[in-house]
Amino acid sequence: MNEYMHITLFSEKTEQRLLLFTFFQPIVYYANYILSINGFDGYASRLMYPLIMIYSLYVILCEMILQGKKAIAVVSIAITMMAYSYVLNGNAVLKIGNARDYILSETNTMFSVVLPVILLCIHGVDVKKYLDTSRITSNIIIIMQVAVFVLSTALNKRPISEDYMSYAYSGIYSLFICCYHRKESIFQSILFWVGLFLQIIAGCRGAMITAIVFCLAYEISSKKELTATNLLRNILLFVIFGLLVFYMDEAVEILNDNLIKIGFRSRTLEKLQGENGGFFSGERGKLYTIVIRNANMLGYGIFGDRKMLGTYSHNWILEMLMHFGYGFASIIVIVIIGSVMVAYFRIRRVRNNTVATFQFAAAVALIAGKFMFSSSYLTDPAFVLSLYFVYNATKT
């Protein structure tokens, strides 16, 4: 077996450490969900978050010793950002509170989950080895996602519709990795298609769009030779897609009716049928309007949008606008979008580089999908990982 399949907690392998932090939240979420169905709500979080705090301190100290000035600079910037936020909005923004509240707070998540990922990416990661290492873990997460769907539907306890966004987004990155490995075996391929199906019917609109954007970006950025087989496959997919679009209403109605019969309600399918205001309706527009109206040049500091809105901005561009103001946020956004464009043209110049293709597709899907509609870059390491992927792609 490949040596990278063996995951040692205190390993010197950067790829294995990165795996632990990038998949920590999904595993805890699905474990919590499964335990809550059986009456043990929150047990996984109470057990795992203190452990990840201890391990993250170990990793941060190791990286500071190994990297020296680079790591110290990153930690210093993080502390400065928090101090800046404290000056602007005080402890009401940082929400430190008592020890128990802090362990499950966004502040702790940022320092214990996101900051180590930043340091590991700066250290440098062999992405191919990381993807090989991640295969088994991603499979487990998709299987857990399927288990949650089956248990919640069969037992009719805590329906997924109560927390459909977290259910979908917790598995979206694992779906990307399953797609990368899907040609290795029939099992991998089946797992990918099952995961994609769950993203569409059991998740939210943003997760569905993110999955579709990834698949499109993965296909478009793959510079493959046009063989007769590929041409026939593309024509067949085009025909199937056309039929689905033509018979969309009937197909959605049939699928949704059959899901209701087994006790499951799909919010995405209901939206596609025009219920609850239709597919493009929701509270996001009101939220975005408040953010834009209250944005200023200096911003409100880290977590400033939480104090004003009672939640995060649900859009990484507007979130940065709230945190850093028009001046600094504009520079960051322009650099990120410009880097994505450069990465695309670099990727198109190489042939059959599946690792580079994956990095570009995953980055585009996360930046233009997941973090454009939901999730916070402060508490989800996938955003940092997407920026690292873009950086790598620009060097291809």
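Let me begin by describing the structure that accompanies this report.

About the criteria used
- Sequence order sets the numbering: in each chain, residues are counted from 1 along the sequence as written.
- In view of the model being predicted, local features appear only for residues whose pLDDT reaches at least 70, and side-chain atom pairs are presented and counted only at 80 or more, with totals across whole chains, interfaces and linings using the full set of residues.
- Based on all heavy atoms of the structure, the side-chain values leave hydrogens and waters out of the count.
- Salt-bridge detection follows one rule: a side-chain nitrogen of Lys or Arg within 4 Å of a carboxyl oxygen of Asp or Glu.
- In this scheme, a residue with accessible area under 20% of its type's maximum is buried, one over 50% is exposed, and one in between is partly exposed, where area comes from a 1.4 Å probe on protein chains only.
- To qualify as a helix, a DSSP run of H or I must reach at least 4 residues; to qualify as a strand, a run of E must reach at least 2; elements of each kind are numbered from the N terminus.
- Distance thresholds for patches are 9 Å for like charges and 5 Å for nonpolar side chains (Val, Leu, Ile, Met, Phe, Trp, Tyr), applied to residues having over 30% relative accessible area and no salt bridge.
- A 1.4 Å probe and the Shrake-Rupley method give the accessible areas. Residues count as covered only by the protein chains that appear here.
- To pair, rings of Phe, Tyr and Trp, with the six-membered ring standing in for Trp, must have centres within 6.5 Å; the planes then decide the type, stacked if under 30 degrees apart, edge-to-face if over 60, and tilted in the middle.
- Lines fitted to the C-alpha atoms define the axes, with helices restricted to the stretch that makes contact. Angles between their N-to-C directions range from 0 to 180 degrees.
- Angle categories are assigned with fixed cut-offs, so that under 35 degrees is roughly parallel, over 145 is roughly antiparallel, 65 to 115 is roughly perpendicular, and the rest are oblique.
- Throughout, a residue-residue contact means that at least one pair of heavy atoms, one from each residue, lies within 4.5 Å.
- Following the grouping adopted for this structure description, the nonpolar residues are Ala, Val, Leu, Ile, Met, Phe, Trp, Tyr, Cys and Pro, the charged ones are Asp, Glu, Lys and Arg, and the polar ones are all others, Gly among them.

### A few points about the pattern of salt bridges
Scanning the model with the defined rule gives 8 salt bridges in all. Its salt-bridge partner being Arg306, residue Asp305 comes within 3.1 Å of it at the nearest N-O pair. On the accessibility criterion, Asp305 (0% relative accessible area) is buried. The exposure class assigned to Arg306 is buried, which follows from its relative accessible area of 5%. We note a salt bridge from Arg306 to Glu319, for which the minimum N-O separation is 2.8 Å. Of the two residues, Arg306 sits in helix H15 (residues 304–309) while Glu319 sits in helix H16 (residues 316–347), which places them 13 residues apart along the sequence. Residue Glu319 is classed as buried on the basis of its relative accessible area of 0%. Counted as one network, the salt bridges with shared partners bring together Glu106, Asp305, Arg306 and Glu319.

### Looking at a nonpolar patch on the surface
Side chains of Tyr84, Leu88, Ile292, Met297, Leu298 and Tyr326 sit close together on the surface and give an oily, nonpolar patch of about 590 Å² of accessible area. Here Leu298 shows up in the loop between helix H14 (284–294) and H15.

### Here's the deal with the packing of aromatic side chains
Taken as a whole and assessed by the stated rule, the structure comprises 20 aromatic pairs. Judged by centre distance (5.7 Å) and plane angle (20 degrees), the ring pair of Phe21 and Tyr55 falls under stacked. On the criterion of sequence distance, the pair formed by Phe21 in helix H1 (residues 14–37) and Tyr55 in helix H2 (residues 43–67) is long-range, its members being 34 residues apart. Residue Phe21 shares its accessibility class with Tyr55, and that shared class is buried. Ring pairing ties together the aromatic residues Phe23, Tyr173, Phe176, Tyr180, Phe214, Tyr218, Phe358 and Phe389, which thus form one cluster.

### Notes on unusual backbone geometry
Positioned with a positive phi, Phe303 is a non-glycine residue whose angle comes to about 70 degrees. By the secondary structure assignment, Phe303 is in the loop between H14 and H15. In this structure, His314 takes a positive phi of about 60 degrees despite not being glycine. By the element assignment, His314 lies in the loop between H15 and H16.

### Comments concerning the packing of helix H7 (residues 127–155) against helix H17 (residues 354–373)
Contact geometry for H7 and H17: axes closest at 10 Å, N-to-C directions at 75 degrees. In this view, H7 runs roughly perpendicular relative to H17, as classed from their interaxial angle. Every residue of H17 that contacts H7 at Val127, Lys128 and Leu131 is listed here: Val355, Phe358 and Gln359. Along the lines of polarity and charge, the residues of the contact of H7 with H17 split into 4 nonpolar, 1 polar and 1 charged.

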